Structures are given as structure tokens and as C-alpha cells.
Amino acid sequence: MTSIIFSDFRLICGFMDKCLEDINALHCGSITTGEKDLHSQGEVIACLEKALVREVEQDQTHQIKEDCKKAIMRVAELSADDFHLDRYLYFSCRDDRERFCENTQVGEGRVYKCLFNHKFEEAMSEKCRDALTTRQKLIAQDYKVSYSLAKACKADLRKYRCNLDNNLPRAREARLSYLLLCLESAVHRGRMVSGDCQGEMLEYRHMLMEDFSLSPEIVLHCRGEIEAHCSGLHRKGRTLHCLMRVGRGDKGLGDSLCQNALQALIQSADPGADYRIDRALNEACESVIQTACKHIRNGDPMILSCLMEHLYTEKMVEDCEHRLLELQYFISRDWKLDPVLYRKCQNDASRLCHTHGWNETSEMMPPGAVFSCLYRHAYRTEEQGRRLTRDCKVEVQRILHQRAMDVKLDPELQKRCMTDLGKWCSEKTDTGQELECLQDHMEDLVSDCRDVVGNLTELESEDIQIEALLMRACEAVIQSHCHDVADNQIDTGDLMECLVQNKHQKEMNDKCAVGVTHFQLIQMKDFRFSYKFKMACKEDVLKLCPNIKKKVDVVVCLSTTVRNDTLQEVKEQRVALKCRKQLRVEELEMTEDIRLEPELHDSCRKDISRLCSAVTFGNAQVIECLKENKQYLSHMCHQKVFKLQETEMMDPELDYQLMRVCKQMIKRFCTEADGKNMLHCLKQNKNNELMDPKCKQMITKRQITQSTDYRLNPVLRKACKADIPKFCHNILQKSSDDNELEGQVISCLKLKYADQVHHQISKRLSSDCEDQIRVILQESALDYRLDPQLQLHCSAEITHLCTEEAAAQEQTGQVEECLKTNLLKLKQDACKKEVLNMLKESKADIFVDPVLHTACALDLKHHCAAVTPGRGRQMSCLMEALQDKRVRLQPECKKRLQDRIDMWSYAAKVAPAEGFSDLAVQVMTSPSKNYILLMIALAVCVLFLVGLLCGRFTKQVTRELKDR
């Protein structure tokens, strides 16, 4: 039916009524005679589509009615699925389809996409190419004309509200450029856009950069430049690069409409994010990328920076140089088009320059002015106020370095110094000569130009005066990360401290890393510590740590003093504030390499060679390896690692791996949290959709570590300080000071929490401890790995019965649910006991049963909204609702509740009540409570009556005794 209807436009519902006048006015075919030729029927719609495209490009005298425009776009949209439904394109491209897309399956716009990819092939017929171009222009007007794009991005468009801007006319909302800008904005802000949608976006960005005619603004505003300079260069992006070349020429395009149209197109296509979008650049620079940038992943935005670094070198080819500078000219005029710069500086720009989103503009702060603002803040001193972050400052310097190669890449310099360049430097055209020439004529320049050149000269005047070998080995790191301290001629402590802090950066080479580590190791052995540490802590060392020479011993001594004063909550710390700050620096340095902690390194030397021989030193990798293999460590090494973990849990900033892996997430979520609460803050944000997966994995590892012993959980340890010796005294008697208790104390507290809910006993946990236990119960219910006792006793059952759930490692409580379901199949008594404990705990609090809580979320909201969570109150509410025939629960909730009742029944069979109190609890929580109590009361009454009536027969006495 679809094929029949689309073969004759007169059969399309409402189309004739809306477009009859336009068809006659445009002479698109005879309506009254009604040709039966399929070609002519398709040509009527094609005629209207071409007229619509020409109208957008303002090359059409007749204005098509709005109703007809909508009808035309609707027909194009409906034919987006199947290539055969666009009759004109089908007949125009039949042979080309067989030639290029013979094996492409019809449907979901696949044939269209295949033909688009071959549009500029030599063998493609001109008629088909024109039809494809018309189709692409319609897509540029309304993205829904592309079936694959609309389908792939539907969810993301709704998620990021790309179709809900009431301030925009409907026609603009549907524009392909608007869609791309909206979704690119989400990507640049770090939001998740589906892979399929990003793939479709990439193809259409590539399409826009390949054919300038798909951008009506360029066709309209750049017509004169194309005719004068770029005629005959229509294919493969050559026209666009020709226009770019005209734009960066000596005369340029100025602030013309053509320049603005080019800038808008480049923002929509965003070739800075992936150089492959620019086909002309890709083809011209392929050899340079293979030789100079092969270490960078294909498609990485850093490839453009790499190409810029090799500009004017022997590896650069002339054609690539031209294409690169043409593109960089426009990228440099909008800081957001450099993805690395934008990612590192978006927060700084928002904070310091009051910028808007990626796809938003502001007349008060145009894109070109933002970079100038960032540059001004890059070189502020502390006294001058707010400054850029280190990462952003590095990127600003990178851009300035690139701009120094060609003054046309610096909009401010070109704008303010155009007259001076022509006057003084017209013959200086080689690399960097123009800027050098301007610097030579500084006194002769006009004031605006002099200011810009002076700022750039300030950057280039920096020099590093340290030991020559170290300077050469660490030059890349110094330039990227330590430029703000490199010019300190008196105290090189700042520079060395900076190098230590950036040992994990990609610019750090092996020679520099070895030199810095060697310097650190020497400091550990020599009492003459670093200048900054010596000046900050000299008085405290003499007072608190006399006769100690080794730096490592001094650090331990001072750290112990600070820790003891903190735990004892003394009014005034014995270690001065300035020393505590520098001490923190030294402590953080020591955590980066196990060799900087000699006592730990010596105790674990054999274990390192046995278990971690393939792991390189640095980045705390060896320490992390020891932690992961803790159960295989020797006794002495195990003790030291346990003590190290205890220290790190009390002060997470000393956990090098955690701080490194979660650095960005800490900036995002925990900027206001102090060091001691850093892990707690990360745990609270663990399930946030913006959480980095690697950081999330690291947090889970630390949670597993904490669950092995209450001493590794400082928050729990403080909250349950009085409860642990009161209720878990027998476990503490068997414990060792430096070995894990495998979660026994935590299990003890969890059972105590469950018992006090069920039995309403008088000896209860303190409220703070109860709150922490509830949190631990909720966390362990989602991930069995956080329950060491369960993992220890049920490992075989999990492997045998719950293989798929354990392999998924999804923190949704599926492994626990599997064990509960298979309770009667469990063979080991210890495992049964742990699962029974789980059931007991889940009965105490519905939040401890994530599967049940998820199933009953709506019912809790509707029927138990007034019930305060905790202590089994909401569970009791649901149980009462289940028994009340007037209440209708959700089917899934009702099923899960019944499952839980069955499980508790199974639990009673497996583990009968050990005492009267347990028996009473089972009766009172039973769904048949009323029936059981009635039967008990009835039995008592019967027993009483039997005794009353039959007591005389059981013990008869003689008459003499009665008469006595």
C-alpha cells in the first residue's frame, strides 16, 4: 500500500489540497490531465522539494505556502525509511544503487546513507548526485528526513530537551545544525550521548564539511567569494577550504556575513573534535599523522594539536600545512572549537569570564573575547586574586605557543596589528618571524598592538635555571605543569615539589622520573631535608623529634604527633600550622612510591618480588598490588599493609590511587569536603550517573576493604565506639591488632540491629551506631562482596548456584536474591546461617532488601507514606496491606512479598526458634498470627475445662478423708 500511495502524489492524504496552487504556480506538472507515468509523478514532488530548497537559499521568486511546506517535509520524512518511496531519487539512482550499494539491504534509510557516502565518486551520475544533494538539503532543514539520525538520536534529543525550546521557531528547532549544536553541547559538557547517535552525528558533520551547498547561509552569503575565487571546486570540501583560505588571506573576509556563515558551519560540524570530519584536511595530512602523530589514537582531538606542533618542521607537507592553517584560523576565533581547551577551561571560563553553554553566545562576551579573558587570568599572582586552574593554564599556554607560529591564528594580534604588520613586517613570512619583528619594533607600534605583543612576550620570556641534566630530562613536564615556579632563582624547592606532584603526567619521561625519584630517595636518607620542609618545620623538629636525622623518621614523628592531637581533640596542636601544611606535602609525596616508605618496603621486599615483580614503581602501583594480594602476603608485610590501610582510611588524601583515579570526580562532587571525609563523600555520590566508571570501581574496592574490619571504617568506628565492646566483646578478645576480623564485628552489629527491631529489647545500639549499621546493611545488600562473612562461607554456593549474577558484578543485590531463593539447596551450614541472617536483616528494614524495595516503591509511597522508615516499620506496613483485602498492591510487589513470606517460612524450617522469645517473634510476624493465637487460646480453654470436669477422676480420695 505504501508503494502504491507514494507512486502517485495525488493519493497522499491532504497533499493535493495543500500544494495544488504551488504545483501550478511552479509548473511542476499537470494536475487536471493526471499523467500516469511514474517518473512524472515523482518529479512533481521533486520539483516542489527543489523549489523549497531554493527558497531557503533565497533564490526563489514564488513563496511556497506554509501548509504545503509542511506537507513536502512530511512526505520526505515518511519516505526516509525506504529508498523506493522517493520515486524521483529512486529512478535517478537506480543504476548507481546497483553499482555502489548492491548488497545494501533496503529499509531504515540504509540505501540513502550508502549513496551519500559515494556521492562524490567519479562513477556517480550527475542526475543521481543532484537528487542526493536535494535530499541532503532537506535533511539540513529538518533532521527527521533522515530516518537513521532521527531514530538514533530520539532519546538523546528528548533527554537534553533539544526540541523543547519555546523561544525558537519550529523551523529552526528542526534544523540539522540546531540538533548538532544541542547534542554537541551535551557531549562537551561531559553528558552521555548514545554511541549510535554520536555515530550518526559524525556522519552528518562529515557531510556538512564535504559539501558547502548543504549550508544555505554559505550559499547565500558567500556566493560572490565562490564565484570570484572558488569556482569549480565543489567536491570533497574543497570549496569550504577555498573560502577559509580567502578568509585568512591578507584582505580576509573581515566581519562579513560570509565569514560569520563559515564560523557557524564550523561550529556545527565541530571538526576540532575529530579531524576526520574535514575530508580535505584528512586526505592532505594522512602521511603527517602516520609519521608524527601515530602515538595518538585515531580521531583524538589532540591530533590537531600534534599537527600544529609539527607545523613548519620537516615532517609537515605543504598541502597539509595549508589545510591545517585554514581550519585553525576559524577554530582560533572561537575557543570552544578547541575541544581540549574547552574541556580543561570550561569551569574557569564560567567562573572568571561568565560564559554560557557550548552552543550559546553572548554579545557581552563573544567567543574571541573569552580566550583573552582566560589569558589575563593565567598570569595573575595570588595577591591579584582569582587565577586559572593548572590544567586550564597549560592549555592556554599551548594555544599561545601555537599562535606564536602564525600571527593570523591570534585574532586579537591580527586585528590590532594589521597596520603594523604591513608597515614593518611585510617581508617577514617565515615561522615566528612576524611576531619577532613586532617585538623588535615594540616602541613603534600603536598602543593596542603594543599591549598584545607585550603580553605574548611576557610568556616567552620565561626561562628555567636549574641543573642542566635535570632541566633537559624534565623540560616537557616543566613547560606543561611547573612553569609558574620554574623562574624561582632562590628556592628550587617549589620546582622539585611540582615535579614530584606531576610524576604521573603523560609528559613525564623515564629519565625525568628516575631523576626525581632518586632525589626523593636521597632526601629520605639525609637529615638535611628540602629547603621548604626545613624552614617550615625546623622549630617543631627540635622540640618534638630531637636526635632524629632521617627525613622519613622525622615525617613519621611529626605525623604521629598531629594524629594524636587530632584524636584527643586538644585545643591547640603542638605542630605549627605552617609545618602541618608542608608535612602534608611530604606525606603525599611518600604515598606515590613504596620505596619512599623504607619500613614498608623492607618488610614487603620478598612479597614484592614474588607477587608484584611485573609492576613498575611509582603511581602507588606496587602498594596497590600488595593490597590486592593481601591474603598471600607474609605475616610481617601483611601487618604493615593493614596499618597503611588503616591510616589511609582515616585520611583518604594519603590514598594515592584513590585520589589519582577519582581526581576529576572529587572536583565535581567533593570540592567542599575535607580530606578526612573524602571517601565518605565519594561513596555518597557513587551511583550518580556522572560518576566516572574507573573511580566508581576504585570506590567499590575501598568499600570492600572497609568491610573486612571495623577499624578500617573510621566513621563506623567513631559512631559505634561504645557499642562494639558492649555487644561484640567475645570477638574482640580473639582479635589481633594488625589482622582483619573478616567482618565479624560488623556482622555482630548487624545482627544486633536486626534483633532489637524484632524483639524490641531494652539494650539497644546507640542512635549514631544504628544509623551507620543501616547504611552498611543497605550497601552490602546491593553487593555481596561488601559482606566478607557471606563471601567467605558462601563462595562455593555462589559459584555453583549464582554464576550469572556473580559474573555480572552489578550492584543490584541479585547474588543475595539468588542465595535467598536457593536457601533450601544450600549444603554448608555456615552459608545457611549467613543467608538466614540476611533474611533476618531484610525483615528488619525494607531498604536492606533492594529487590523488594524496588518492586514495592509505588506501594510504599501510596500506602505507607506516613510511616517513618527504619526499624521494620515500613515492612510491617506492607505486610498489613497484603493481609487487608481492601488494599490492592502492585502485582510485582504482591509477588515479592509472598516470596518473602515463603522464604521466612523456609527459614523457620531450616533454623527453628532457639527460645521462647524467637518463637513469640515468629508467631507475631506470621501472616496467620490471629489464627495461631486463637488456636492457642482455644487449647488453653479446653485444657482448663478438662481439668475442671475430669480432675476428680484422676485422683480419688476416701470418704474418711473427706469428712475429716
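So, the overall build of the chain
Then comes step 1: In terms of regular secondary structure, the chain is built from 58 helices and 0 strands.
Then comes step 2: Burial analysis of the chain (964 residues in total) assigns 50% to the buried set.
Then comes step 3: Approximately 49,900 Å² of the chain is accessible, and the part contributed by carbon and sulfur atoms is 51%.

Concerning the side chain of S213
Then comes step 1: Among the structural elements, S213 can be located in the loop between α13 (195–210) and α14 (216–221).
Then comes step 2: A distance of 2.8 Å separates the side chain of S213 from the side chain of D211, its partner in a polar contact.

What to know about the confidence of the model for the chain
Reading predicted coordinates in detail is not appropriate for stretches of low pLDDT.
Then comes step 1: Model confidence for the chain is summarised by a mean pLDDT of 79, while 82% of its residues fall at 70 or above.
Then comes step 2: The least confident element of the chain, judged by mean pLDDT, is helix α11 (residues 170–173) at 50; the most confident is helix α35 (residues 605–611) at 92.
Then comes step 3: Between residues 166–170, whose pLDDT stays under 50, and residues either more than four places distant or in other chains, the model counts 3 contacts.
Then comes step 4: Considering only residues more than four positions removed or in separate chains, one finds that residues 461–468, a stretch of pLDDT under 50, has 15 contacts.

A closer look at the packing of helix α16 (residues 238–247) against helix α17 (residues 257–269)
Then comes step 1: Close contact between α16 and α17 brings their axes to 11 Å; oriented N to C, the two are set at 125°. In this view, α16 runs oblique relative to α17, as classed from their interaxial angle. α16 and α17 meet at a crossing whose hand is left-handed. Of the residues in α17, those in contact with L240, L243, M244 and G247 of α16 are C258, Q259, L262, L265 and I266.
Then comes step 2: Its residues assigned to classes, the contact of α16 with α17 comprises 7 nonpolar, 2 polar and no charged.

Overview of a nonpolar patch on the surface
Then comes step 1: A surface patch of nonpolar side chains, amounting to about 580 Å² of accessible area, comprises Y931, L934, M935, L938, V942 and V946.
Then comes step 2: For V942, the position within the fold is in helix α57 (residues 929–954).
Then comes step 3: By relative accessible area, which is 46% here, V942 ends up partly exposed.

Side note on the state of the cysteines
Then comes step 1: Applying the stated criterion to the full structure yields 26 disulfides.
Then comes step 2: Between the sulfur atoms of C285 and its disulfide mate C320 the distance is 1.9 Å. One quick way to see it: the torsion about the S-S bond of C285 and C320 is about 100°, and its sign makes the bridge right-handed. Taken together, the residues C285 in helix α18 (residues 279–292) and C320 in helix α20 (residues 318–331) connect sequence positions 35 residues apart. This pair shows no difference in class: C285 is buried, exactly as C320 is.

A look at the packing of aromatic side chains
Then comes step 1: One pass over the full model with this rule turns up 3 aromatic pairs.
Then comes step 2: A centroid spacing of 5.1 Å and a plane angle of 65° characterise the contact between Y90 and F91, whose relative ring orientation is edge-to-face. Per residue, the accessibility class of Y90 equals that of F91, and both read buried.
Then comes step 3: Residues W335 and Y342 carry aromatic rings whose centres are separated by 5.1 Å and whose planes lie at 45° to one another, so their mutual orientation is tilted. Comparing W335 with Y342, the two get one shared label, buried.
Then comes step 4: It is R135 that lies over the ring of Y112; its NZ or CZ is 4.5 Å from the centre.
Then comes step 5: Directly above the ring of Y329 sits R333, whose terminal nitrogen or CZ lies 3.6 Å from the centroid.

Describing the nonpolar core
Across soluble globular proteins, nonpolar side chains show a tendency to be buried alongside one another.
Then comes step 1: F15, L115, L176, L183, I218 and L307 are the most contacted members of the largest nonpolar core, which has 103 residues in total.
Then comes step 2: For L176, the contacting residues outside a window of four places in its chain are I139, A140, Y143, L149, Y204, M207 and L208.

Let's talk about the packing of α18 against helix α19 (residues 302–309)
Then comes step 1: Running from N to C, α18 and α19 point in directions that differ by 75°, and their axes come no closer than 11 Å. Relative to α19, the element α18 lies roughly perpendicular. Listed contacts from α19 to L281, C285, V288, I289 and A292 of α18 are I303, L304, C306 and L307.

Points about the pattern of salt bridges
Then comes step 1: One pass over the structure, following the stated rule, counts 50 salt bridges.
Then comes step 2: For R135, the salt bridge is made with D86, and the minimal N-O distance between the two is 3.1 Å. Remark: D86 occurs in the loop between α4 (66–78) and α5 (87–92) and R135 occurs in helix α8 (residues 126–141); sequence separation between them is 49 residues. As far as the burial class goes, R135 and D86 line up, both buried.
Then comes step 3: Taken together, the shared-partner salt bridges in this structure form one network comprising E624, K627, E628, E648, D655, K701 and R702.

Here's the deal with unusual backbone geometry
Then comes step 1: For R161, which is not glycine, the phi torsion reads 55° and is therefore positive.
Then comes step 2: Following the sequence through the fold, R161 ends up in the loop between α10 (154–159) and α11.
Then comes step 3: The exposed category is assigned to R161, whose relative accessible area is 55%.
Then comes step 4: With a phi angle near 55°, N619 is a residue other than glycine that sits in the positive phi range.
Then comes step 5: With respect to the helices and strands, the residue N619 is situated in the loop between α35 and α36 (621–628).

Some words on a positive patch on the surface
Then comes step 1: Positive charge collects at one region of the surface, where K159, R189, R191 and R668 lie side by side.
Then comes step 2: Along the chain, K159 turns up in helix α10.

Describing helix α41 (residues 693–707)
Then comes step 1: In this model α41 runs 21 Å from its N-terminal to its C-terminal C-alpha over 15 residues, within 8% of the 21 Å that 1.5 Å per residue would give.
Then comes step 2: Regarding α41, the residues found buried are C695, M698, I699, T700, R702, Q703, T705, Q706 and S707.

Concerning the environment of C720
Then comes step 1: Mapping C720 onto the fold places it in the loop between α42 (714–719) and α43 (723–727).
Then comes step 2: Expressed as a C-alpha distance, the spacing of C720 and Y710, which sit 10 residues apart in the sequence, is 9.4 Å.

Focus: the environment of V193
Then comes step 1: Mapped onto the elements, V193 comes out in the loop between α12 (176–188) and α13.
Then comes step 2: Considering only alpha carbons, one finds V193 and Y160, 33 residues apart in sequence, at a separation of 9.4 Å.
Then comes step 3: In this structure, V193 is in contact with D156, Y160, L183, A186, V187 and Q198, ignoring residues within four places of it in sequence.

Topic: the environment of C373
Then comes step 1: With respect to the element layout, C373 can be found in helix α22 (residues 367–378).
Then comes step 2: Taking the C-alpha atoms as reference, C373 lies 6.2 Å from C353; in sequence the two are 20 residues apart.
Then comes step 3: Not counting residues within four places of it along the chain, the set of residues in contact with C373 comprises L352 and C353.

Here we look at the side chain of N502
Then comes step 1: Topologically, N502 is positioned in the loop between α29 (493–501) and α30 (510–525).
Then comes step 2: Those residues within four positions of N502 in sequence are excluded, and the remaining contacts are V477, H481, C482 and M508.

Rules used throughout
Residues numbered from 1 in each chain as written. Predicted model: local features only at pLDDT ≥ 70, side-chain atom pairs only at ≥ 80, totals over all residues. Heavy atoms only, no water. Helix = DSSP H or I, 4+ residues; strand = E, 2+ residues; numbered from the N terminus. Buried < 20%, exposed > 50% of the residue type's maximum accessible area, 1.4 Å probe, protein only. Areas by Shrake-Rupley, 256 points an atom, 1.4 Å probe, with all protein chains shown as cover. Polar contact = N/O pair within 3.5 Å; in protein donor to acceptor, adjacent residues only side chain to side chain. pLDDT = per-residue confidence, 0-100. Contact = heavy atoms within 4.5 Å. Axes fitted to C-alpha atoms, helices over the stretch in contact; angles between N-to-C directions. Parallel < 35°, antiparallel > 145°, perpendicular 65-115°, else oblique. Left-handed = near helix turned anticlockwise from the far one by under 90°. Nonpolar A, V, L, I, M, F, W, Y, C, P; charged D, E, K, R; others polar. Patch = residues over 30% accessible without salt bridge, like charges linked within 9 Å, V, L, I, M, F, W, Y side chains within 5 Å. Salt bridge = Lys/Arg side-chain N within 4 Å of Asp/Glu carboxyl O. Disulfide = S-S within 2.5 Å. Phe/Tyr/Trp six-rings, centres within 6.5 Å; stacked < 30°, edge-to-face > 60°. Lys NZ or Arg CZ within 6 Å of the ring centre and 35° of its normal. Core = buried A, V, L, I, M, F, W, Y, C linked by side-chain atoms within 4.5 Å. Lys, Arg positive; Asp, Glu negative; His and termini not counted. Charge placed at Lys NZ, Arg CZ, Asp CG, Glu CD. Expected span 1.5 Å × (residues − 1).

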